[in-house]
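Geometric and topological summary
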Amino acid sequence: PFHKMQDLSSNDPSIQLQAVKSVIASMTLGSNMSHLFPEMVKCSITKNMVQKKLVFLYLSKYASSNQDMTLMVVNTLQRDATDDDPAVRGLAVRTICTLRAESVNEYGVPMLQRGLNDPSGYVRKTSILGWVKINSNSPSIIAEHKIRDKVYQMIRDNDPPVVVNAIYAINELDPSGISINRQLAIYLINRFKEFNEWGKCLVLEALMKGYHPQGDDMFDMLNALDGMLQHSNPAVVLDTAKLFLIVAKNLPKITEQIYLRIRGSFST
């Protein structure tokens, strides 16, 4: 409708936001709103993150159907990728990976490369997931730019969510999954409490798969992770128990204690 086009061009931020919401509502109900594409691109120039997210949702849906539209979106995202606000930069990185046009790889790759070195942890972790999305469509790009090596380095990042996303990404980018040596295992165990529940499970699964210490190293790990057997999340408890049972499989007294601890954790 004509009034929507007028409202999208309004100088009143509240009217413009309501118009954007109306467009998204119509789009969600199945109406073709692609004729408003130029106006919606202009609406992305805002400090209102709600409006920006809604506009990018719209742009992601319609950009792939038209090359000229795609280039309009790319220009908008490139601008936002250099914004002072890390939330805006992260949203731009996330959005460019949702565009399905093949030409986006040409513009998205440099943006994601910069994102891995962004001063904001939010942008770095978002960029890591962006590479996973690109890998699903263009795996050759990952090898060409040696992204696996870079993501491996980011396991040493100071920001815990970045570390977690790096582990997840490596498991997606490499068919054999993350490779755990003694040095990396000790590092992850020492930082274990910093990770969220999903991250804890990722680390435990990686340790189960690739790190089976003996002697003092085994007891150090058991002691460091012992508290996880009383964790509030059942998945963390179960993964911890599975890891303990794997590394202590030749020590019947310890495995018996583990079974008793698990029983206590799940008793009601």
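First, a word on scope: everything that follows refers to the structure included in this document. (Residues numbered from 1 in each chain as written. Predicted model: local features only at pLDDT ≥ 70, side-chain atom pairs only at ≥ 80, totals over all residues. Heavy atoms only, no water.)

**Some points on the pattern of salt bridges**
Overall, the coordinates contain nine salt bridges when judged by the stated rule. Put simply, Asp80 and Arg79 hold a salt bridge, and the shortest N to O gap is 3.4 Å. Judged by its relative accessible area of 3%, Asp80 is buried. Each of Lys52, Arg79 and Asp80 takes part in one network of salt bridges that share partners. (Salt bridge = Lys/Arg side-chain N within 4 Å of Asp/Glu carboxyl O. Buried < 20%, exposed > 50% of the residue type's maximum accessible area, 1.4 Å probe, protein only.)

**Comments concerning the nonpolar core**
Ranked by internal contacts, the top residues of the largest apolar core, which has 84 residues, are Tyr58, Ile155, Leu188 and Leu207. Looking at which element gives the most residues to this core, the answer is helix α11 (residues 160-173), with eight residues. Once residues lying within four places of it in the same chain are set aside, the contact partners of Leu188 are Ile155, Val163, Ile167, Ile180, Phe195 and Val203. (Core = buried A, V, L, I, M, F, W, Y, C linked by side-chain atoms within 4.5 Å. Helix = DSSP H or I, 4+ residues; strand = E, 2+ residues; numbered from the N terminus. Contact = heavy atoms within 4.5 Å.)

**Describing the packing of aromatic side chains**
Aromatic ring pairs are reported here in terms of the distance separating the ring centres and the angle at which the planes meet. A complete count under the given rule lists three aromatic pairs for this structure. Ring geometry for Phe37 versus Tyr58: centroids 6.0 Å apart, planes at 40°, classification tilted. With Phe37 in helix α3 (residues 37-43) and Tyr58 in helix α4 (residues 49-62), this residue pair connects regions lying 21 residues apart in the sequence. A ring pair is formed by Tyr168 and Trp198, whose centres lie 5.5 Å apart and whose planes are at 55°; its orientation type is tilted. Separated by 30 residues along the polypeptide, Tyr168 in helix α11 and Trp198 in helix α13 (residues 197-210) bring together distant segments of the chain. (Phe/Tyr/Trp six-rings, centres within 6.5 Å; stacked < 30°, edge-to-face > 60°.)

**Some words on the packing of helix α14 (residues 215-225) against helix α15 (residues 234-247)**
Here α14 crosses α15 at 165°, and the two axes come no closer than 11 Å. Between α14 and α15, the angle is such that the two are roughly antiparallel. Seen along the crossing, α14 lies across α15 with a hand that is left-handed. Of the residues in α15, those touching α14 at Met218, Met221, Leu222 and Leu225 are Thr240, Leu243, Phe244 and Val247. Of the residues belonging to the contact of α14 with α15, the class tally is seven nonpolar, one polar and no charged. (Axes fitted to C-alpha atoms, helices over the stretch in contact; angles between N-to-C directions. Parallel < 35°, antiparallel > 145°, perpendicular 65-115°, else oblique. Left-handed = near helix turned anticlockwise from the far one by under 90°. Nonpolar A, V, L, I, M, F, W, Y, C, P; charged D, E, K, R; others polar.)

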